[in-house]
Amino acid sequence: HDGGRTYTGNAAASLCTSLGGGWQPVGISSPDEVAYINSIVGRERLQYTWTGGIRSGNGFRWQNGEPFSVADWSHTGGFRRPQPDNREGQENCLAILNNFYNDGIKWHDVACHHVKPVICERRA
């Protein structure tokens with residue numbers, strides 16, 4: 001991640017791809033990746049971070065094309081409803097929040113205009 005600098009969801013994606021060499025905002029497509037990214041969020045004490053998840057129809061997809069085959073959505077949020085809840089309407093970006101709603105390190109749909117750090121990854 002970028003040392004805690006913050007970006008809107010779109011700027012975060014642009015930052016990752018601007019690094020060149022196949023860098024993208026992180027996509028999470030296995031339980032091992034969920035555990036690995038959650039360990040980074042916890043270890044670095046990130047309050048929250050963007051991923052490469054974006055709304056696609058009624059669901060989400062990873063910008064880097066990885067399959068959206070696992071999910072670690074929170075059971076709660078600002079309205080105490082399971083995620084994704086589209087609480088603000090247009091919550092089109094996927095962020096990982098670190099116990100923000102006393103729910104542990106979990107996924108939330110978030111309006112892309114919010115600012116957060118981002119975790120980038122490079123395809124092998």
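Everything here concerns the structure above.
Residues numbered from 1 in each chain as written. Predicted model: local features only at pLDDT ≥ 70, side-chain atom pairs only at ≥ 80, totals over all residues. Heavy atoms only, no water.

### What about the sheet that holds strand 2 (residues 48-56)?
- Pairing within the open sheet is antiparallel, and its four strands lie in the order 3-2-4-5. Each edge of the sheet is formed by a strand with only one pairing partner; in this case those strands are strand 3 (59-62) and strand 5 (105-110). When the angles between neighbouring strand axes are averaged without regard to direction, this sheet yields 45°.
- Sheet topology note: the strand 4 (residues 93-98)/strand 5 ladder contains six bridges and is antiparallel. Residue pairing in the sheet places Leu 94 in a bridge with Asp 109 of strand 5.
- Contacting strand 2, strand 4 and strand 5, helix 2 (residues 31-43) crosses the sheet at an angle of about 60° to strand 4. (Pairing = 2+ DSSP bridges. Helix = DSSP H or I, 4+ residues; strand = E, 2+ residues; numbered from the N terminus. Axes fitted to C-alpha atoms, helices over the stretch in contact; angles between N-to-C directions. Contact = heavy atoms within 4.5 Å.)

### Observations concerning helix 1 (residues 9-18)
- Those residues of helix 1 lying buried are Gly 9, Ala 12, Ala 13 and Cys 16. Down the axis of helix 1, the sector holding all buried residues measures 95°, keeping them to one side. Across helix 1 from its buried face, at more than 90 degrees, point the exposed residues Asn 10 and Ser 18.
- Close packing links the buried residues of helix 1 with strand 1 (23-25), strand 2, strand 4 and strand 6 (120-122). (Buried < 20%, exposed > 50% of the residue type's maximum accessible area, 1.4 Å probe, protein only. Arc of directions from axis to C-beta.)

### Notes on the environment of Ser 29
- Residue position: Ser 29 is located in the loop between strand 1 and helix 2.
- Within the structure, Ser 29 has its side chain in polar contact with the side chain of Glu 66 (distance 2.7 Å). (Polar contact = N/O pair within 3.5 Å; in protein donor to acceptor, adjacent residues only side chain to side chain.)

### Digging into the nonpolar core
- Among the nonpolar cores identified, the biggest contains 16 residues, and Ile 28, Ile 37, Val 41, Leu 94, Ile 96, Trp 107 and Ile 119 are the most heavily contacted of them.
- Mapped by element, the contributors of at least two residues to this core are helix 2, strand 3, strand 4 and strand 5.
- It is helix 2 that contributes the most residues to this core, four residues altogether.
- When near neighbours in sequence (up to four residues on either side) are disregarded, Val 41 contacts Leu 46, Thr 49, Ile 96, Asn 98, Ile 105 and Ile 119.
- By size, the runner-up hydrophobic cluster in this structure holds eleven residues, among which are Ala 12, Ala 95, Leu 97 and Cys 112. (Core = buried A, V, L, I, M, F, W, Y, C linked by side-chain atoms within 4.5 Å.)

### What about the pairing of strand 5?
- Counting buried positions along strand 5 yields five of six residues, so the element is predominantly enclosed.
- Hairpin connection, strand 4 to strand 5: the antiparallel pair is bridged by six residues, and Asn 99 has positive phi, about 60°.

None of the figures reported here should be taken as evidence of function without further support.
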